[in-house]
Amino acid sequence: MQTQKTGTTLEQEIQAYWQAHDIYRYEPSSTKPRYAIDTPPPTVSGSLHMGHIFSYVQAEMIARFKRMQGFNVFYPFGFDDNGLPTERLVEKENDIRAKDLPRSAFIEKCQTTAEHYEAEFRALWESLGFSVDWSLQYETISPMTQRISQRSFLELLKMGKTYAKTSPVLWCTECQTSIAQAELESSEKETTFNTILFNCEGEQLKIATTRPEFLYGCVCLFVHPEDSRYKHLHGKTATVPLFGHEVPILTDEKADPEKGTGIVMCCTFGDQTDMDWYERHNLPYRRVLMPDGKLDSEIPWLGGLRVGAARKLTLEMLAEKDLLIASNSHQHAVATHERCGKPIEIIPSKQWYIDILTDRERYLKAADEINWYPAHMKQRYTSWVENLKWDWCISRQRYFGVPFPIWYCKDCGSVMTADESQLPVNPLETQPLNACACGCHDFEPETAVFDTWATSSVTPLINAKWGEADERTEDIFPMTMRTQAHEIIRTWAFYTIVKSLYHTGQLPWKDIMVCGFVLAKKGEKISKSKNNAAQTPSALIANHSADSIRYWAANAKLGTDTFFAEDELSVSKRFLNKLKNASRFAFSHLQDFDPNWKPSTDELLPIDRWLLARCTQSTIEAKAYLDQYEIGTARHTIDELFWKDFCDYYLEIVKVRLYQGEKHGWEARKSAQYALYHGLLSLLKLYAIYVPHVTESLYLEHYKAFEKSPSLHLLTWETDSTYDPALISFGEGIKASISEVRKYKSENNLSLKAEMPIMTLPNFGENAPWLMQTLPDLKACCNATEIQGFYSV
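1. Observations regarding the overall build of the chain
Then comes step 1: Helices and strands together make up the secondary structure of the chain, namely 23 helices and 28 strands.
Then comes step 2: If you line up the chain on its principal axes, its C-alpha atoms span 110 × 65 × 50 Å.
Then comes step 3: A buried classification covers 55% of the 793 residues belonging to the chain.
Then comes step 4: Accessible surface, the chain as shown: approximately 33800 Å² in total, 48% of it carbon and sulfur.
Then comes step 5: Considering the chain, the positive charge centre built from 85 side chains and the negative charge centre built from 104 side chains are found 2 Å apart.

Structural data, given as structure tokens:
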């Protein structure tokens with residue numbers, strides 16, 4: 001007796017079959033229309049969870065759908081394996097700090113870790129049946145990607161769109177690197193609102209602050225110009241408590257009279273407002289915080305302390321001198337680093353930037369030139385662009401990233417750029433090919449690396465192999481569709497648009513498909529950092545099958561967040577069992593059927609034609625939804641066809657005709673076989689994008705011998721066909737009549753197989769001739785002895 005295969009074993013065999021037959025390879029020379037997908041390269045920052053599965057599976061379904069619409073699908077996959085996320089993963093897993101190791105040793109650990117996780121990621125995507133052309137795989141740390149990323153920087157430098165400057169920057173003292181505005185998150189923190197006394201010519205000034213540890217860095221006091229309480233202070237100076245230095249009292253409209261006491265101290269730098277005032281009023285700089293998060297060692301009493309300890313000691317000293325008159329608990333929004341969750345500080349530093357403020361209007365115009373799915377996601381993009389405050393800081397003081405291809409002349413300080421022939425280049429290990437214009441041969445390498453987004457933002461150009469010997473930009477650029485989650489609209493979507501417009505003058509893609517999150521509980525997305533995923537995707541696949549997970553992932557409306565609980569997969573399993581059982585039933589009645597038979601309309605009974613019309617109707621409707629990337633709505637349309645029309649009604653209507661050909665006529669049976677063959681094939685094609693393994697196995701079991709295609713997934717949907725609306729109306733009438741009989745039997749506690757002495761039908765009007773041909777099926781389906789009504793037999 002043959003052992004029954006588990007779902008996972010069968011899926012693995014199907015995946016091996018696809019690989020052996022190269023089913024999903026992109027064909028550059030094909031004459032089919034091209035459909036190119038810009039897929040998000042998952043960040044190598046830990047294991048994947050159901051949140052990743054949700055969005056990636058939805059995008060993969062679109063790849064399958066477009067392939068079955070006759071497109072030559074360019075479907076690559078990449079891995080974002082450079083930058084801070086990978087570094088933090090290595091530090092955590094190895095219990096080390098990057099700064100404590102030689103740079104080369106730490107980078108080697110990063111590479112080893114990245115390779116391990118990339119193999120794990122790819123195995124997971126393959127186990128889910130992803131129709132990726134893996135020959136198109138890329139990594140953001142690979143030599144080719146580094147070359148393209150460095151080429152991008154050098155071109156922007158020539159265009160004057162990237163520049164270096166020393167100025168206040170957003171700084172993460174935990175990760176010890178600069179960050180960009182897009183990497184900020186806001187979280188509510190509890191702190192104290194402290195009212196401190198300053199002195200101005202003998203007058204005590206009450207000033208409220210949440211950051212007393214920055215008193216040493218106080219360079220100015222601000223009041224609102226129209227605040228009548230403090231007009232007498234304009235232009236005077238005040239003495240900073242504890243430290244004794246004098247600071248001017250200036251006016252600025254950003255000083256809120258309603259907040260605190262209305263007098264605000266400006267320190268370098270306690271927050272972003274301090275930074276704005278510093279630049280607007282050309283204020284002096286007093287250093288307080290160092291890059292490692294400790295206070296400058298030169299500061300009396302507080303030097304060398306971390307922020308929390310310095311704050312505590314400052315308040316104690318103020319209290320001892322009766323300079324602290326109030327300290328109240330206070331909830332306020334704090335800017336944090338999205339990567340580590342730690343509060344952001346501001347320190348002056350030399351960094352590299354890409355100019356994004358100058359061309360803000362062009363980026364806003366781009367929003368209207370791209371098709372957003374769902375449409376309301378465009379507002380997230382435009383709101384972000386409208387509220388940009390700073391140019392994009394692309395340099396990071398880290399190790400495992402793409403190096404800046406530049407050096408600095410030790411004599412004159414000029415920037416020396418790498419030659420194209422040197423790319424990819426590591427300036428720490430290589431020298432410029434030529435001397436500086438000043439004649440100097442000694443150079444200082446740039447030690448910073450690109451922000452990972454500076455490289456991820458060129459994924460369309462990476463896919464196009466931009467500037468490479470085997471470039472394919474003309475073939476696949478601009479790409480057709482970008483798929484991504486909504487929280488990285490401000491980073492990945494925006495930065496990609498910026499880079500594409502600068503380098504090509506074109507938008508990177510036509511459509512953007514924005515997916516939602518999977519939530520562990522209300523308002524909390526499943527994430528690696530929160531460790532709130534119940535089971536790993538691999539365990540869920542082993543326990544429930546990949547098709548079960550895929551079917552679940554196609555349940556939500558595009559862009560909406562959804563909850564996941566393992567017991568929800570029971571719905572998927574019930575569906576898969578129903579599909580297999582319905583197919584087995586159909587196959588058992590198709591053994592003697594010739595699929596090459598091409599009947600005329602008169603040779604098919606009306607109810608059989610109705611099923612085929614419903615298949616055509618559902619195919620057209622599902623395609624319309626999927627063209628809008630509404631995967632869930634399309635699946636529900638197909639479910640309606642399968643569960644109700646095909647299983648609940650059609651199979652029950654024709655069952656006796658199929659079993660008893662000698663009684664109902666062999667031609668009538670043949671008509672049912674034709675509808676069964678083509679109706680089920682239509683359903684398998686519709687479901688192929690959602691549950692590719694089970695549909696392929698059923699296709700190979702029965703259809704492959706007749707359909708002349710090695711795979712169900714290389715067939716196309718029949719969306720050019722038409723259907724007769726009258727047939728749809730007729731079928732609805734038949735369903736309603738059967739439903740009434742079922743309702744009657746249920747209400748009277750009768751078995752559905754119980755005999756129905758008399759079945760009464762409504763007036764079918766113009767469809768009466770079709771009804772007359774369907775009466776034998778109705779009688780058999782409802783076990784009715786007599787049918788009467790407008791027509792009776």
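From this point, things continue past the structure.
2. Section: the pairing of strand E8 (residues 203–209)
Then comes step 1: Taken together, the seven bridges between strand E7 (residues 184–200) and E8 define a ladder with antiparallel strand orientation. Looking at the pairing, leucine 197 lines up with lysine 206 of E8.
Then comes step 2: Here E7 folds back onto E8 in antiparallel fashion, the turn holding two residues, of which glutamate 201 has a positive phi close to 55°.

3. Points about the nonpolar core
Then comes step 1: Counting residues in each nonpolar core, the largest one holds 119 residues, and the members touching the most others are Trp125, Leu128, Phe642, Phe646, Tyr650, Tyr687 and Tyr690.
Then comes step 2: In terms of residue count, the dominant contributor to this core is helix H18 (residues 631–659) (14 residues).
Then comes step 3: In contact with tyrosine 650, other than residues within four places in its own chain, are Ile607, Asp608, Trp610, Leu611, Asp645, Ala672, Ala675 and Leu676.
Then comes step 4: In this structure, Leu156, Cys436, Cys440 and Phe443 belong to the second largest nonpolar core, which totals 59 residues.

4. A short note on the state of the cysteines
A disulfide bridge is the covalent bond that connects two cysteines by way of their sulfur atoms.
Then comes step 1: Considering all chains together, one arrives at zero disulfides under this definition.
Then comes step 2: With no disulfide of its own, cysteine 175 lies closest to cysteine 172 among cysteine sulfurs, the gap being 3.7 Å.
Then comes step 3: Distance from the sulfur of cysteine 436, which forms no disulfide, to the nearest cysteine sulfur (cysteine 412) is 3.6 Å.
Then comes step 4: Its relative accessible area of 6% is what places cysteine 436 among the buried residues.

5. Concerning the packing of helix H17 (residues 606–627) against helix H23 (residues 768–782)
Packed helix pairs are specified by the crossing angle of their axes together with the interaxial distance, meaning the distance between the axes.
Then comes step 1: Running from amino to carboxyl end, H17 crosses H23 at an angle of 100°, the nearest separation of the two axes being 8 Å. Here H17 is positioned roughly perpendicular relative to H23, judged by the angle of their axes. In this structure, H17 contributes Pro606, Ile607 and Arg609 to the contact, and H23 contributes Trp770, Gln773, Thr774 and Asp777.
Then comes step 2: In terms of residue class, the contact of H17 with H23 is made up of three nonpolar, two polar and two charged.

6. Some remarks on the sheet that holds strand E16 (residues 392–393)
Pairing between sheet strands relies on hydrogen bonds along the backbone, with the strands arranged either parallel or antiparallel.
Then comes step 1: Spatially, E6-E5-E14-E16 is the arrangement adopted by the four strands of the open sheet, whose pairing is antiparallel. Two strands in the sheet have a free side with no partner beyond their single neighbour: strand E6 (177–178) and E16.
Then comes step 2: As defined by bridge partners, strand E5 (residues 162–172) adjoins strand E14 (residues 345–354) across ten bridges and the pair is classed as antiparallel. Bridging from a neighbouring strand, threonine 166 pairs with lysine 350 of E14.
Then comes step 3: Strand contacts of helix H6 (residues 272–280): E5 and E14, with the helix running at about 145° to E5, the strand carrying the most contacts.

7. Quick look at the sheet that holds strand E1 (residues 34–38)
Then comes step 1: Pairing is parallel across the open sheet formed by five strands, whose spatial order is E2-E1-E22-E23-E15. Two strands lie at the open edges of the sheet, namely strand E2 (72–74) and strand E15 (371–373), each paired on one side alone. Strand-to-strand twist of the sheet, defined as the mean angle between neighbouring strand axes without regard to direction, takes the value 20°.
Then comes step 2: When strand E22 (residues 479–485) meets strand E23 (residues 509–515), the two strands line up parallel, connected through six bridges. Bridging from a neighbouring strand, alanine 485 pairs with cysteine 515 of E23.

8. Re the packing of aromatic side chains
Aromatic ring pairs are described here by two measures, namely the spacing of the ring centres and the angle between the planes.
Then comes step 1: Under the criterion given, the structure shown has 49 aromatic pairs.
Then comes step 2: Geometrically, the ring pair formed by tyrosine 551 and phenylalanine 575 is stacked, given 4.2 Å between the ring centres and 10° between the ring planes. Here phenylalanine 575 lies in helix H16 (residues 569–588) and tyrosine 551 lies in helix H15 (residues 546–553), a separation of 24 residues in the sequence. The burial state of tyrosine 551 is the same as that of phenylalanine 575; both residues are buried.
Then comes step 3: One aromatic cluster is present, formed by Tyr56, Phe77, Phe79, Tyr117, Phe121, Trp125, Phe130 and Trp134 through successive ring pairs.
Then comes step 4: Its guanidinium or amino end placed over the ring of tryptophan 492, arginine 482 lies 3.1 Å from that ring's centre, counting from NZ or CZ.
Then comes step 5: In this arrangement the basic side chain of arginine 742 is found over the ring face of tyrosine 649, its NZ or CZ atom lying 4.8 Å from the centre.

9. Notes on helix H20 (residues 666–687)
Owing to its 3.6 residues per turn, the α-helix brings residues three or four apart onto one side.
Then comes step 1: Between the first and last C-alpha of H20 there are 31 Å, a value that for 22 residues agrees with the 32 Å anticipated at 1.5 Å per step.
Then comes step 2: With respect to burial, H20 is a largely interior element, 18 of its 22 residues being buried.

10. Details of the pattern of salt bridges
Then comes step 1: If you walk through the whole model with that rule in mind, you get 44 salt bridges.
Then comes step 2: Here arginine 584 and glutamate 701 are joined by a salt bridge, their closest N and O atoms 2.8 Å apart. Note that arginine 584 is positioned in helix H16 and glutamate 701 in helix H21 (residues 692–707), a separation of 117 residues in sequence.
Then comes step 3: By relative accessible area, arginine 584 is classed as partly exposed at 40%.
Then comes step 4: Residue class for glutamate 701 comes out partly exposed when judged on its relative accessible area of 47%.
Then comes step 5: Among the salt bridges present, the one from lysine 735 reaches glutamate 732, with a minimum N-O distance of 3.0 Å. Here the residue lysine 735 and the residue glutamate 732 both occupy positions in helix H22 (residues 725–747), the gap between them amounting to three residues, near one helical turn.

11. Describing the packing of H18 against H20
Then comes step 1: Running from N to C, H18 and H20 cross one another at 160°; their axes reach a closest spacing of 11 Å. Here H20 runs roughly antiparallel to H18, going by the angle between their axes. Crossing geometry of H18 relative to H20 is assigned as left-handed. Every residue of H20 that contacts H18 at Ile638, Asp639, Leu641, Phe642, Phe646, Tyr650, Leu651, Val654, Arg657 and Leu658 is listed here: Ala668, Arg669, Ser671, Ala672, Gln673, Ala675, Leu676, Leu680, Leu683, Leu686 and Tyr687.
Then comes step 2: Grouping the amino acids of the contact of H18 with H20 by side-chain chemistry returns 16 nonpolar, two polar and three charged.

12. Thoughts on the side chain of aspartate 81
Then comes step 1: Looking at the element boundaries, aspartate 81 is found in the loop between strand E3 (78–79) and helix H3 (84–94).
Then comes step 2: Since its relative accessible area comes to 2%, aspartate 81 is described here as buried.
Then comes step 3: Apart from residues no more than four positions distant in its own chain, aspartate 81 is found in contact with Val44, Thr86, Ala114, Glu118, Glu139, Thr140, Ile141 and Phe400.

13. Some remarks on the environment of aspartate 724
Then comes step 1: Topologically, aspartate 724 is positioned in the loop between H21 and H22.
Then comes step 2: Taking the C-alpha atoms as reference, aspartate 724 lies 82 Å from leucine 315; in sequence the two are 409 residues apart.

14. Re unusual backbone geometry
Then comes step 1: Here the bond from tyrosine 373 into proline 374 is cis, since omega is -5°, no more than 30 degrees from zero.
Then comes step 2: As for its position among the elements, proline 374 is in the loop between E15 and helix H9 (377–386).
Then comes step 3: The amide bond that connects phenylalanine 477 to the next residue, proline 478, takes the cis arrangement and shows omega of -5°.
Then comes step 4: Tracing the backbone shows proline 478 in the loop between helix H12 (473–476) and E22.
Then comes step 5: The phi dihedral of aspartate 22 is positive, around 50°, even though this residue is not glycine.
Then comes step 6: Structurally, aspartate 22 is set in the loop between helix H1 (7–20) and E1.

Cut-offs and rules
- Residues numbered from 1 in each chain as written.
- Predicted model: local features only at pLDDT ≥ 70, side-chain atom pairs only at ≥ 80, totals over all residues.
- Heavy atoms only, no water.
- Helix = DSSP H or I, 4+ residues; strand = E, 2+ residues; numbered from the N terminus.
- Buried < 20%, exposed > 50% of the residue type's maximum accessible area, 1.4 Å probe, protein only.
- Areas by Shrake-Rupley, 256 points an atom, 1.4 Å probe, with all protein chains shown as cover.
- Lys, Arg positive; Asp, Glu negative; His and termini not counted.
- Charge placed at Lys NZ, Arg CZ, Asp CG, Glu CD.
- Pairing = 2+ DSSP bridges.
- Core = buried A, V, L, I, M, F, W, Y, C linked by side-chain atoms within 4.5 Å.
- Contact = heavy atoms within 4.5 Å.
- Disulfide = S-S within 2.5 Å.
- Axes fitted to C-alpha atoms, helices over the stretch in contact; angles between N-to-C directions.
- Parallel < 35°, antiparallel > 145°, perpendicular 65-115°, else oblique.
- Nonpolar A, V, L, I, M, F, W, Y, C, P; charged D, E, K, R; others polar.
- Phe/Tyr/Trp six-rings, centres within 6.5 Å; stacked < 30°, edge-to-face > 60°.
- Lys NZ or Arg CZ within 6 Å of the ring centre and 35° of its normal.
- Expected span 1.5 Å × (residues − 1).
- Salt bridge = Lys/Arg side-chain N within 4 Å of Asp/Glu carboxyl O.
- Left-handed = near helix turned anticlockwise from the far one by under 90°.

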